[in-house]
Amino acid sequence: MKNSLLVVGASGGIGGALVSALSQAGEHVIAVSRQTIDSPPWGSSVEVHTLAEYSEAQISSFVNTLNARGVTIKMAIVATGVLHDESNNLHR
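In short, a report on the structure.

## Re helix H1 (residues 13-24)
Stage number 1. With 12 residues, H1 ought to run about 16 Å at 1.5 Å a step, and its terminal C-alpha atoms sit 16 Å apart, in line with that.
Stage number 2. Where H1 is concerned, the buried positions are Gly 15, Gly 16, Val 19, Leu 22 and Ser 23. Mapping the buried residues of H1 onto a view down its axis gives an arc of 135°, with all of them on the same face. Pointing more than 90 degrees away from the buried face of H1 are the exposed residues Gly 13, Ile 14 and Gln 24.

## Thoughts on the sheet that holds strand S2 (residues 29-33)
The strands that make up a sheet pair up through hydrogen bonds in the backbone, lying either parallel or antiparallel.
Stage number 1. In space, the 4 strands of this open sheet follow the order S3-S2-S1-S4, with parallel pairing throughout. Whereas interior strands pair on both sides, the edge strands pair on one side only; in this sheet they are strand S3 (46-50) and strand S4 (73-78). Within the sheet, the average angular offset between the axes of one strand and its neighbour, ignoring direction, is 20°.
Stage number 2. Summarising the sheet, strand S1 (residues 4-8) and S2 pair through 4 bridges and their orientation is parallel. The residue of S2 that forms the bridge with Leu 6 is Ile 30.
Stage number 3. Lying on the sheet, helix H2 (residues 56-68) is in contact with S1, S2, S3 and S4; it crosses S2 at an angle near 165°.

Rules used in this analysis
- Residues numbered from 1 in each chain as written.
- Predicted model: local features only at pLDDT ≥ 70, side-chain atom pairs only at ≥ 80, totals over all residues.
- Heavy atoms only, no water.
- Helix = DSSP H or I, 4+ residues; strand = E, 2+ residues; numbered from the N terminus.
- Expected span 1.5 Å × (residues − 1).
- Buried < 20%, exposed > 50% of the residue type's maximum accessible area, 1.4 Å probe, protein only.
- Arc of directions from axis to C-beta.
- Pairing = 2+ DSSP bridges.
- Axes fitted to C-alpha atoms, helices over the stretch in contact; angles between N-to-C directions.
- Contact = heavy atoms within 4.5 Å.

See the structure below:
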């Protein structure tokens, strides 16, 4: 599908909220996460992809698959990050 939006970090709170809002606005969304998203709540306008690790080889393979399908990404949103990490005393 052409003119898709890509959301990386879709299994998190912010990423998931973005996927919901964008799909409800009628956008086709490609939701990417390192974690498997079981029973995605977003409906048919959202494609869910799991990349277990963000390695160069895995990302390249994913991009090549999108290119082969003729997908055009009109916007990419990266919603990854650390909300808390007790070992480093980081809190949200």
